[in-house]
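Here's the letter readout for the chains.
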Amino acid sequence: GVRVFTMSEIDERGIGSCMDEALSRANEGTSGFHLSLDLDGIDPLEAPGVGTPVSGGLSYREAHLICEKAHLSRNLLSIEVVELNPVLDHQNRTARLAVELLASALGKVIL
């Protein structure tokens, strides 16, 4: 019963639409949701410091929009950031991105 969004579907529909559906499902009959933010899912051009980089992952803006929408739902109960590998990072780019994404999930707005 788990809903999976493929990268093709995200490309076709857009991350905003997919996230709206995911949030609708996660919030239906629940008191909120947990967001596990896997940095491996972000394009390695943006997040090089991960164990299993995969080209064509989420863009910088898509990752932020996910976190922004999670915050705006007002039902985000907890969040974790996983798969950061500082040994593989380049000048702390991935670590800084992780902090920025957490800030977006907690309400910081990018202007």
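From a predicted model like this one, the values you see are computed outputs, not experimental measurements.

Trainee: I'd like a rundown of the environment of His90, residues and numbers included.
Mentor: Position of His90 relative to the elements: it lies in the loop between strand 2 (76-82) and helix 4 (93-105). On a C-alpha basis, the gap between His90 and Gly57 in space is 18 Å, while along the polypeptide they are 33 residues apart.

Trainee: Describe in detail the packing of aromatic side chains, supporting the description with residues and values.
Mentor: Under the definition given, this model contains zero aromatic pairs. Between the NZ or CZ atom of Arg3 and the centre of the ring of Phe5, over which it lies, the distance is 4.2 Å.

Trainee: Which residues make up the layout of surface pockets, and what are the values?
Mentor: Reported here for the largest pocket is a volume of approximately 620 Å³. When contributions to the lining of the largest pocket are tallied by element, the ones reaching two or more residues are helix 1 (7-13), helix 2 (15-27), strand 1 (33-38) and helix 3 (60-72). At seven residues, the largest contribution of residues to the lining of the largest pocket is made by helix 2. Per-class residue counts for the lining of the largest pocket are 18 nonpolar, five polar and four charged.

Trainee: Quick rundown of the pairing of strand 2? Include the residues and the values.
Mentor: Looking at chain direction, strand 1 and strand 2 are connected through six bridges and run parallel. Pairing of Leu37 across the sheet is with Val81, part of strand 2. Regarding topology, helix 3 serves as the crossover connection from strand 1 to the parallel strand 2, and that connection is right-handed.

Trainee: Talk me through the packing of helix 2 against helix 3; I want residue IDs and the actual numbers.
Mentor: Remark: helix 2 packs on helix 3, axes separated minimally by 10 Å, with the N-to-C direction vectors making an angle of 35°. Here the hand of the crossing between helix 2 and helix 3 comes out right-handed. For the pair formed by helix 2 and helix 3, the contact residues are Ile15, Gly16, Met19, Asp20 and Leu23 on the first element and Glu62, Leu65, Ile66, Lys69 and Ala70 on the second.

Trainee: How would you explain the confidence of the model for the protein chain if you had to name every residue and give the values?
Mentor: Summarising the model, the protein chain shows a mean pLDDT of 96, and 100% of its residues fall at 70 or more. Helix 1 is the least confidently modelled element of the protein chain, averaging 94 in pLDDT, while helix 4 averages 98, the highest of any element.

Trainee: Just give me the short version of the pattern of salt bridges, but keep the residues and values in it.
Mentor: In the structure shown here, the tally under the stated rule is seven salt bridges. One salt bridge connects Arg25 with Glu21, and the closest N-O pair in it is separated by 3.1 Å. Of the two residues, Arg25 and Glu21 are both situated in helix 2; the distance of four residues between them amounts to about one turn of the helix. By sharing partners, the salt bridges in this structure join Arg3, Glu9, Arg13, Glu21 and Arg25 into a single network.

Trainee: Describe in detail the nonpolar core, supporting the description with residues and values.
Mentor: One finds Leu39, Ile42, Cys67 and Leu101 to be the most contacted residues of the largest nonpolar core, which totals 21 residues. Of all the secondary structure elements, the ones that give two or more residues to this core are helix 2, strand 1, helix 3 and helix 4. In contact with Cys67, other than residues within four places in its own chain, are Leu35, Leu37, Leu101, Ser104 and Ala105.

Trainee: Could you give me a rundown of unusual backbone geometry, with the residues and numbers involved?
Mentor: Even without a glycine there, the phi angle at Glu83 is positive, about 75°. Mapped onto the elements, Glu83 comes out in the loop between strand 2 and helix 4. Residue Glu83 is classed as partly exposed on the basis of its relative accessible area of 41%. The backbone of Asn92 sits at a positive phi, close to 60°, despite the residue not being glycine. With respect to the element layout, Asn92 can be found in the loop between strand 2 and helix 4.

Basis of the calculations
Residues numbered from 1 in each chain as written. Predicted model: local features only at pLDDT ≥ 70, side-chain atom pairs only at ≥ 80, totals over all residues. Heavy atoms only, no water. Helix = DSSP H or I, 4+ residues; strand = E, 2+ residues; numbered from the N terminus. Phe/Tyr/Trp six-rings, centres within 6.5 Å; stacked < 30°, edge-to-face > 60°. Lys NZ or Arg CZ within 6 Å of the ring centre and 35° of its normal. 1 Å grid on protein atoms, 1.4 Å probe; cavity = no way out; pocket = protein on both sides within 12 Å on 5 of 7 lines; lining within 4 Å. Points joined across faces, edges and corners; volume = space filled by probe spheres on them. Nonpolar A, V, L, I, M, F, W, Y, C, P; charged D, E, K, R; others polar. Pairing = 2+ DSSP bridges. Right-handed = clockwise from strand over helix to strand, strands pointing away. Axes fitted to C-alpha atoms, helices over the stretch in contact; angles between N-to-C directions. Left-handed = near helix turned anticlockwise from the far one by under 90°. Contact = heavy atoms within 4.5 Å. pLDDT = per-residue confidence, 0-100. Salt bridge = Lys/Arg side-chain N within 4 Å of Asp/Glu carboxyl O. Core = buried A, V, L, I, M, F, W, Y, C linked by side-chain atoms within 4.5 Å. Buried < 20%, exposed > 50% of the residue type's maximum accessible area, 1.4 Å probe, protein only.

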